[in-house]
Each structure stands twice: as C-alpha cells, then as structure tokens.
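Results of the structural survey
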Amino acid sequence: EQYPNFSLIAISNSRNTWIRSQGIDVTSTVVANAGIPRPELLQDLQGIIPEPRDKITSVKADILVLAALEDSVTDMNIDDVRAGIIVELANGPISKSAEAKLLAKNKTILPDVIANAGGVIVSYLEWQQNNSGQHWKEHKINHLLTEILTAASDQMLKRADEKHLSLKQAAYDLALERLLAKPI
C-alpha cells in the first residue's frame, strides 16, 4: 500500500515539548525502547531547548495527535490549536466544550473511540484465540484488525455524512443504535 508522506515535527512528554521543523526521526529510538519514543534520547533533538509540555497543542501542523492526557485541549487553550485535524489517541483528550468550539472552527476530530480502539480489538482477538485453543500469526491479527477498524471507520464516516454529524457523534450514534438493537 502507498501511504502519504508525513513528517513528525514535534513531540512531547509529561514535562516538555520538543519542536524541530525539519522533522524528527524516532525510528532508532522507538526500536531501542520497546516501541516508546523517548524525546530526551532522540539525536535530532539534541541541543534543542525543551519548551513546556502545553506547547504541543499550539504547534503549526496539519495533524495534532493527542496521545497521552485527558483534557489536553480545553477552553483555556483552544485558541492555540492550529492543526486542522486532531486525532484523539488518548481517552478524552478534548473537553466537551472545547470539542464544540473546534468543530465550529471546521476542525476535524478523529474520535478516541475509533483512533485508539486497536488495543481493545486485539485483546478481543486474543480472547477468541484462547477460547478456541488456537494461536494466530501476527499477519492474521493485523489483517483482522485492519478489517474491523476499516469497517468501523467507513460506517462512522458514512453516518457522519448522512446525518451531518461530527465523527464522534456519528460513532456514538452507531454504538447506541447497536446497543439498543440487542435484547437485554
């Protein structure tokens, strides 16, 4: 498959934000740290003075990925958000009132219920394997994960378009429809 070419220009942790407009290469650090990028170890960031952690929300970028803290974007910092697309990889990283204001500014928010669902889905697939006494290869798990997430994303996008809802509202609308359709 062909993926768009993205450049990571900022990264933060619970204390600091590092910004490098030329891009940040996390590949060697991620591999060395069990998949977890540690900004303080990135060669690209050596010599860059760290900024406060809250600075990450105001970085001029196409996509802002909120991957750690709840309420990272609130009424207090909403005017700082410059990205047109926000991905909620953390649980609830945008307050409800901030979400409404971002949507009013025509920002696209990929909701946490879709963006960070992969771990829950893979846990379910592991449960299926355990119940059947099977062991699936990684490529099968990845294939099933892709199928499930693609279908859920497509349904969310279609519902959002049909009912003129935000992506989060569409995801919740589908979830409630499915819950109400199941007998208790």
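Just above sits the structure.
Residues numbered from 1 in each chain as written. Predicted model: local features only at pLDDT ≥ 70, side-chain atom pairs only at ≥ 80, totals over all residues. Heavy atoms only, no water.

With 4 bridges joining them, strand β4 (residues 63-66) and strand β5 (residues 85-88) adopt parallel strand pairing. Across the sheet, the residue bridging to L64 is I86, located in β5. Two elements, β5 and strand β6 (residues 108-110), share 3 bridges in a ladder whose sense is parallel. Pairing of V87 across the sheet is with L110, part of β6. The handedness of the β5 to β6 crossover, carried by helix α2 (residues 96-104), is right-handed. (Pairing = 2+ DSSP bridges. Helix = DSSP H or I, 4+ residues; strand = E, 2+ residues; numbered from the N terminus. Right-handed = clockwise from strand over helix to strand, strands pointing away.)

A word on helix α6 (residues 167-181). In this model, α6 (15 residues) spans 21 Å end to end at C-alpha, consistent with the 21 Å of a helix rising 1.5 Å per residue. Here α6 has its buried residues at L167, K168, A170, A171 and L174. Buried positions in α6, seen along its axis, are confined to an arc of 170 degrees and lie on one side of it. Set apart from the buried face of α6 by more than 90 degrees, the exposed residues are L176, L179 and L180. Among the structural elements, β5, α2, β6, α3 (112-115) and α5 (138-163) are those in contact with the buried residues of α6. (Expected span 1.5 Å × (residues − 1). Buried < 20%, exposed > 50% of the residue type's maximum accessible area, 1.4 Å probe, protein only. Arc of directions from axis to C-beta. Contact = heavy atoms within 4.5 Å.)

The subject of this paragraph is the nonpolar core. Counting 15 residues, the largest nonpolar core has L64, L66, V73, V81, I86, I94 and L102 as the members making the most contacts within it. In terms of nonpolar packing, the next biggest core, distinct from the first, is built from 7 residues, M156, L167, A170 and A171 among them. (Core = buried A, V, L, I, M, F, W, Y, C linked by side-chain atoms within 4.5 Å.)

Turning to the side chain of T57, a few remarks are in order. Among the secondary structure elements, T57 is positioned in the loop between β3 (51-52) and β4. Assessed through its relative accessible area of 4%, T57 is described here as buried. Only 2.9 Å separates the side chain of T57 from the backbone oxygen of D54, close enough to count as a polar contact. Dropping the residues within four chain positions of it, T57 is found in contact with L64, L66, S72, V73, N77, D80, V81 and R82. (Polar contact = N/O pair within 3.5 Å; in protein donor to acceptor, adjacent residues only side chain to side chain.)

As a further point, take a nonpolar patch on the surface. A grouping of F6, I63, V65, I85 and L89 is seen on the molecular surface, where their side chains present a nonpolar patch of about 420 Å² in accessible area. Here L89 shows up in the loop between β5 and α2. (Patch = residues over 30% accessible without salt bridge, like charges linked within 9 Å, V, L, I, M, F, W, Y side chains within 5 Å. Areas by Shrake-Rupley, 256 points an atom, 1.4 Å probe, with all protein chains shown as cover. Salt bridge = Lys/Arg side-chain N within 4 Å of Asp/Glu carboxyl O.)

Two numbers describe a pair of packed helices, the interaxial angle and the distance between the axes. Running from N to C, α5 and α6 point in directions that differ by 105 degrees, and their axes come no closer than 8 Å. Relative to α6, the element α5 lies roughly perpendicular. Contact with α5, carried on its side by Q155, M156, L157, R159, A160 and K163, involves L167, A170, A171, D173, L174, E177 and R178 of α6 and no other residues of that element. (Axes fitted to C-alpha atoms, helices over the stretch in contact; angles between N-to-C directions. Parallel < 35°, antiparallel > 145°, perpendicular 65-115°, else oblique.)

What follows deals with the sheet that holds strand β1 (residues 10-12). Across the sheet, 3 strands lie side by side as β1-β2-β3; this open sheet has antiparallel pairing. The sheet is open, and its two edges are formed by β1 and β3, each paired on a single side. As judged from the 3 bridges shared by β1 and strand β2 (residues 16-19), these two strands associate in the antiparallel manner. Opposite A10, over in β2, you have I19 as the bridge partner.

Any link to function would need more than the numbers given here.
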